[in-house]
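Remarks on the overall topology
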Amino acid sequence: MKQDAETIVVGGGLAGLAAAISLARQGVEVLHLAPPAPPDRRTSALMLPSVEFLLESGLVERPEAIGHPLSTIRIIDATNRLIRAPETVFKAPEAGFEAFGWNFTNTALMRSFSDALPDKNLTTKPNAVRAYRREGALGVVTLDDGSECAAPLVVGADGKKSLIRSAAHIVAREHPFTEAALVCDLELSRPLGGESIEFHYPHGPFTLVPAGGNHANLVWIDEAPVLRAAQAEGLVEAILEKSQRLFGAIKLESPSVIFPLGMLSVDQAGRDGVALVGEAAHAFPPIGAQGLNLGLRDVSDLVAAVMAADRSLYGWGAAASVDYARRRAGDLGRTGSMVEGLFRSLLADWLPGQAARAGGLWALKLLPPLRKQAFALGMGERAKNRALSLR
Ligand SMILES: Cc1cc2nc3c(=O)[nH]c(=O)nc-3n(C[C@H](O)[C@H](O)[C@H](O)COP(=O)(O)OP(=O)(O)OC[C@H]3O[C@@H](n4cnc5c(N)ncnc54)[C@H](O)[C@@H]3O)c2cc1C
């Protein structure tokens, strides 16, 4: 079998595109398999360290040209439970930052990444992968037209149902939730400024994220049948009610889309010449805006692992995949547990669980050092180091 590239990246979502471009820009010969997909109607709140990574890797040139800063997060407990949390406002300047991050539409990110396509080292094909196997030091993928391509390292960026993950026998733990997320774009009667507003209901948060001027992106987590009923019976009225009529008249600016939610994790994000990035390696509910942030940290560690490998050696792909898994282990474990814990505490019917959550928010409201630590945890390791140095 002859080698077609040093690395094959499978999947044309944001994680796959970021991985293909970042590797090629570092001089790695990449074959990117990116079959056409429907437009991604999600939006991504990306924390400052992720935006810094996008700037450093040339995937975004000017965040202000394609996104909107997030400087305040307001959490309103709308549960009517016996033990309720206080309204809590987190302001980025308290942690020494102008903004926690930026809110982008995924389509704007996709355009910006595509503008950064290098003219060397990267070949893109619109083919899906039908099968994967290992032959000696090479990973071999079979494309939907029956042809085969081979490379020492194969990156699975092919989403939650990753074929590369299952063909490489990397076991995923999956737990579906009965909750789902409805997303759509809205026009409100007043601007949100830089404030993201989360109403916490018993089945999950209803969040308005600023999208510039009077525009907002809605991420509403609730039981799937409730979301489907709202879609069928009049979404605007349901949104007015859930947002406690605080924003005047509301207009829908896009179709609404419902995403099923669940937890997915792997013990190892790489082995035997396969590295998994993005939702092929981890998926969870969009709480605390972690999914793509984590996916971009995958890409950053993938580039580091490939650059650390001696690509002239037989078997370098397998060594790089193991190094990649080692680099990712801590972050994937920490972030997955944090998001799962947060999500379950939001849904807790159990009184001590509600008390713990309310107590936690009181503590965050009243204790500035704890708030600083919480900011840092949500923003990732690079921000944590910076926050510690600001103390
Ligand atoms: C409602 C919602 C809101 C979110 N908000 C945020 C947020 O605010 N901040 C944040 O950081 N994250 C957020 N996320 C998470 C974020 O959207 C995802 O983590 C990210 O978009 C996943 O990108 P991906 O490239 O890994 O996967 P995908 O976007 O699923 O891309 C996978 C790609 O692989 C391709 N593919 C599949 N099978 C094959 C095959 N056999 N061969 C070739 N190609 C294949 C598909 O066509 C697709 O293009 C949110 C998620 C949801 C559901």
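Before going into details, it helps to say that this report is about the structure given with it. (Residues numbered from 1 in each chain as written. Predicted model: local features only at pLDDT ≥ 70, side-chain atom pairs only at ≥ 80, totals over all residues. Heavy atoms only, no water.)

Remarks on the packing of helix α2 (residues 48-56) against helix α8 (residues 291-308)
α8 packs onto α2 with a crossing angle of 45 degrees between their chain directions and a minimal axis gap of 10 Å. As far as their axial angle goes, α8 and α2 are oblique. Crossing hand, α2 versus α8: left-handed. Residue-level inspection shows S50, F53 and L54 of α2 in contact with α8, the latter providing N293, L296, V299 and S300. (Axes fitted to C-alpha atoms, helices over the stretch in contact; angles between N-to-C directions. Helix = DSSP H or I, 4+ residues; strand = E, 2+ residues; numbered from the N terminus. Parallel < 35°, antiparallel > 145°, perpendicular 65-115°, else oblique. Left-handed = near helix turned anticlockwise from the far one by under 90°. Contact = heavy atoms within 4.5 Å.)

Describing the sheet that holds strand β10 (residues 138-143)
Taken in spatial order, the three strands line up as β9-β10-β11 in an open sheet, and their pairing is antiparallel. What marks the edges here is a single partner per strand, and that holds for β9 (129-135) and β11 (148-151). Averaged over all pairs of adjacent strands, the angle between their axes in this sheet comes to 20 degrees, without regard to strand direction. The pairing of β9 with β10 spans six bridges and is antiparallel. Following the sheet pairing, V129 is matched in β10 by L143. (Pairing = 2+ DSSP bridges.)

With respect to the sheet that holds strand β2 (residues 30-33)
Spatially, β8-β2-β1-β12-β20-β19 is the arrangement adopted by the six strands of the open sheet, whose pairing is mixed. The open sheet has two edge strands with one neighbour each: β8 (122-125) and β19 (270-271). Both β2 and β8 contribute to a ladder of four bridges, which runs parallel. Bridge pairing in β8 places L31 opposite T123. Across the sheet, helix α1 (residues 14-25) lies against β1 (7-10), β2 and β8, angled at about 165 degrees from β2, the strand it touches most.

Some remarks on the pairing of strand β16 (residues 215-223)
The buried fraction of β16 is high, at seven of nine residues. With nine bridges joining them, strand β13 (residues 172-187) and β16 adopt antiparallel strand pairing. Its bridge partner lying in β16, V183 is registered against V219. As consecutive antiparallel partners, strand β15 (residues 204-210) and β16 are separated by four residues, and within that stretch G212 has a phi angle of approximately 90 degrees, a positive value. (Buried < 20%, exposed > 50% of the residue type's maximum accessible area, 1.4 Å probe, protein only.)

With respect to the site of the ligand
Near the ligand you find 30 residues, and of these A45, V129, E279, L292 and N293 are the closest. At 3.4 Å from an oxygen atom of the ligand is found a main-chain nitrogen or oxygen belonging to G13. E279 is positioned such that a nitrogen or oxygen atom in its backbone is 2.8 Å from an oxygen atom of the ligand. When the free accessible area of the ligand is taken as 1,000 Å², the share hidden by the protein chains comes to 85%. Secondary-structure elements contributing two or more residues to the shell around the ligand are α1, β3 (43-47), β13 and α8. Top contributing element to the shell around the ligand by residue count: β3, with four residues. (Near = heavy atom within 4 Å. Polar contact = N/O pair within 3.5 Å; in protein donor to acceptor, adjacent residues only side chain to side chain. Areas by Shrake-Rupley, 256 points an atom, 1.4 Å probe, with all protein chains shown as cover.)

Worth remembering: the numbers are spatial, not functional.
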